[in-house]
Amino acid sequence: MKRILIIGATSAIAEATARVFAARGDALVLAGRDTQQLSRIADDLKIRGAAQANTLELDANDFAKHESAIQQATDHLGGLDIALIAHGTLSNQSDCEKDFSLALKELNSNAISVMSLLTVLANRMQAQKSGQLAVIGSVAGDRGRPSNYVYGTAKAAVATFCEGLRARLYSHNVNVLLIKPGFVDTPMTAAFKKGPLWAKPDLIAKLIVRALDRRAAIIYTPSFWALIMLIIRSIPRPIFVRLKL
Amino acid sequence: MNLHGWGRYPIVDAQVTQVQREASALQLLENAQSKQQVLTPRGLGRSYGDSSLGDHVIDFSLQNRLINFNQESGLLECEAGTSLRDILNVFIPKGWFLPVTPGTQFVTVGGAIASDVHGKNHHLDGSFSQYIESFRILTGTNEVLECSADQRPDLFRATCGGMGLTGLILTAKLRLRPIKSSDILCRSIRAENLEQLIALFDEHVDSPYSVAWIDCLKGGAHLGRSILMLGEHAEDGPLQVAGDAGLTIPKLFPGELLNHTTISAFNTLYYHRSPKTMAAQRMSYRPYFYPLDSLNDWNRMYGRKGFVQYQFMIPKTSGANSMRKIIEAIAASGKGSFLAVLKTFGPGNNNDLSFPGEGWTLALDFRFDDGVLELLDRLDEMVLDVGGRVYLTKDARLKAQSFRRAYPNWEKFEATRARYGAHGRFASAQSLRLGLL
Ligand SMILES: Cc1cc2nc3c(=O)[nH]c(=O)nc-3n(C[C@H](O)[C@H](O)[C@H](O)COP(=O)(O)OP(=O)(O)OC[C@H]3O[C@@H](n4cnc5c(N)ncnc54)[C@H](O)[C@@H]3O)c2cc1C
Ligand SMILES: NC(=O)c1ccc[n+]([C@@H]2O[C@H](COP(=O)([O-])OP(=O)(O)OC[C@H]3O[C@@H](n4cnc5c(N)ncnc54)[C@H](OP(=O)(O)O)[C@@H]3O)[C@@H](O)[C@H]2O)c1
């Protein structure tokens, strides 16, 4: 049985992942903003086999509460083996271009809050000399594209942060897993037209849990995105700037 | 986006909104009212025709949380988008099974209530809604109402079998059935013709599950040549969830292959098992209840044009001969699938539009081809003339006047819809065709 904290637990990807944990009998704390929905999810996970499922109200942008929230979660669980950071918002690029205060908000939600949470969690796991930190990034962080570079910037910042943190924690027996999903059919992407590249949250969830089991460092989900992003990263800049991706 | 039912006919351009939280369902309903949008609820889209199609479709398949479970009584409360597969996966290991199950696990609880689905045990156990203790529904009056056979019985009877036309079902309480094993003991018996088959059904009326595969091409003395398959839950053995399907049907599949597959399956069973009665075989619940679920997207087998499934029932009082005449008409047309599924129904319930009633039901596929619609209109007449009806969840083409003849309680249904503000708020491509606005 693993003791697991999920931040942004109302996310569709996070919930699907929590169901995989629950079926294995893990103990869970679910942190997020929508407390009513969190307790619905907690009840569901208990019936599905979770050893426990507690809820914790947390707005990721409330930085001052990070320390106490993580303390509370650890108390509930009697320790911490895995933390999954899943919250995020899909920034409206054109609004962010017109008004930088909106961009700043997006960067806070998608990057700075994640770094703050990771800092608190890393220090604890370093001290206990065990554990895994899992963060949901995105393929959008692999290259800045005109259509969503504010969101992409945040995910890129998280990726670099994770890379450094991973190296820092390596000798302390703590793993940092960065998950880079491609297109996933969730409320975040409800407005998008879906095609053959789209995956369901259930599949992403299975891949996340499998990566945790083998203490992987970075995964693209589904894995074909590794190839797509390899190609996108290798497009020469003079061509890339004309592509309007 | 383009949306269709399991038969891939018809295809409509729909705006689809997923609901994941109850609060957003309420909001959606209020927004729709201000924009004068008519809503169509949808589960996993396993109805064959246009029951879950419309301009504004509300997809419940992600509203799928388990809310409460009583390990003593087996009463499960869950959200309407919970799939039957999910329920089996969680509760089989705990010793519980569905009280009634259709021939696929990829159906939501909301969809199962809306179609009041039946299984191979209808002759003894009735249909799905008879195991619904209560449900909560969001009605056109913008309120969430709790409903059961005793509480707002009018709304309960209109909603069960009511094809999503009374409101959005949000949650339901379902009584599961205790089992000792996930295995099924299955026995198949050959019948040389329809009369023999019906006699066999009567003889084995105590068998918990029964269904027959019937050859729809044979006429004359061999009309109704079939295999009756009986089943019961094993009393011992594992409580084990069956693994997932592997095979996926490619996008464009030559239409004839499904017929070939079923023909060879039938022939293998029929000719190459010499004894008339086979000894009981033990198998997992999955191949027994959900044989087609192991082929993902098998509906693609009929190719681009899609297909319609036709399922009708004939009351017992009209006699087996009326069933014989309809099968003769199907065989003569040469348009139906080779195989059809026949089973006996026990007494119906008092829901306004539920399909089952004491008698026999036959279901078969028709590839969407020239002349099929005309043929089905003719079959409708034959079915209606002997007091039978057609199953709405399979339908894509029934005419409004035939619907009214088949379901004489439609006026009661409409009156209940009016009382709960459903008109102009909930409809589907099917309901508009049937005159339910
Ligand atoms: C291979 C196969 C075998 C089958 N075998 C059987 C069988 O043996 N017996 C049988 O009875 N049926 C059978 N069916 C039909 C199937 O069980 C029904 O069509 C069922 O209703 C499908 O459920 P769904 O969740 O896919 O709903 P959909 O197909 O999406 O919708 C069906 C109806 O339910 C309504 N609905 C869905 N969700 C809600 C909600 N939350 N609130 C209100 N209304 C809602 C829709 O508006 C629509 O009218 C079979 C289908 C297939 C594909
Ligand atoms: N969907 C995709 O295609 C895709 C692709 C790549 C990466 N991702 C990433 O995957 C993660 C999960 O997203 P999803 O697809 O599952 O979408 P989702 O269902 O919309 O989940 C996003 C969740 O983030 C939560 N959240 C947002 N801001 C928050 C805050 N300040 N504090 C606490 N919680 C907050 C939301 O909580 P509320 O319930 O309170 O609103 C929501 O549940 C995100 O990091 C996203 O960037 C998604």
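Rules and cut-offs
- Within every chain, residues take consecutive numbers counted from 1 along the sequence as written.
- Here every chain gets a letter starting at A, and every ligand a number starting at 1, in the order they are written.
- The predicted nature of this model means local features are confined to residues of pLDDT at least 70 and side-chain atom pairs, given and counted, to a pLDDT of 80 or more, with totals for whole chains, interfaces and linings taken over all residues.
- Each side-chain value is worked out from all heavy atoms of the structure, with water and hydrogens disregarded.
- UniProt positions are given in the numbering used here, feature names are shortened, and annotations may be inferred rather than shown by experiment.
- Note on terminology: near, applied to a residue and a molecule or strand, indicates that one of the residue's heavy atoms is within 4 Å of it.
- A 3.5 Å cut-off defines polar contacts: any pair of N or O atoms within that distance qualifies, except that in protein one atom must be a possible hydrogen donor and the other a possible acceptor, and neighbouring residues in sequence count only when both atoms are side-chain atoms.
- Here the accessible surface of atoms and residues is derived via Shrake-Rupley with a 1.4 Å probe, and residues count as covered only by protein chains that are part of the display.
- Charged residues are taken to be Asp, Glu, Lys and Arg, nonpolar residues to be Ala, Val, Leu, Ile, Met, Phe, Trp, Tyr, Cys and Pro, and polar residues to be all remaining types, Gly included.
- We call two residues in contact when some of their heavy atoms are within 4.5 Å.
- Here the quantity called buried area is the accessible surface, traced with a 1.4 Å probe, that two parts lose on coming together, added over both.
- We define a salt bridge as a side-chain nitrogen of Lys or Arg found within 4 Å of a carboxyl oxygen belonging to Asp or Glu.
- Here a strand is any run of E in DSSP of at least two residues, a helix any run of H or I of at least four, and the numbering for each starts at the N terminus.

In the annotation of an unreviewed UniProt entry, chain B is listed under the name FAD-linked oxidase and assigned to Stenotrophobium rhamnosiphilum.

The name given to chain A in an unreviewed UniProt entry is Short-chain dehydrogenase, with Stenotrophobium rhamnosiphilum as the source organism. According to the UniProt record, the Sequence similarities (unreviewed entry) comment for chain A reads "Belongs to the short-chain dehydrogenases/reductases (SDR) family."

1. Let's talk about the site of ligand 2
Around ligand 2 there are 28 residues in total, and Thr10, Tyr151, Val184 and Thr186 of chain A together with Arg21 of chain B lie nearest to it. Per-site note: the chains with residues close to ligand 2 are chains A and B. At 3.0 Å from an oxygen atom of ligand 2 is found a main-chain nitrogen or oxygen belonging to isoleucine 13 of chain A. Interatomic distance of 3.0 Å between a backbone N/O atom of alanine 86 of chain A and an oxygen atom of ligand 2. In the complex, 92% of the free accessible area of ligand 2, which totals 890 Å², lies under the protein chains. Residue composition of the shell around ligand 2, grouped by class: twelve nonpolar, eleven polar and five charged.

2. Considering the interface of chain B and chain A
If you look at the interface, chain B gives 18 residues, while chain A gives 14 residues. Across the chain B to chain A interface the summed buried area is about 1400 Å²; carbon plus sulfur atoms make up 40%. Among the residues of chain B in contact with chain A, Arg21, Arg65 and Leu66 of chain B are the three that bury the most area, contributing 42% of the side total. The partner of arginine 65 of chain B in a salt bridge is glutamate 15 of chain A, with the nearest N and O atoms 2.7 Å apart. Counting every contact that joins chain B to chain A gives eight residue pairs in polar contact (both at pLDDT 80 or more). Among the elements that take part in the side of chain B that touches chain A, strand S6 (residues 66-69) of chain B stands out by supplying four residues, more than any other.

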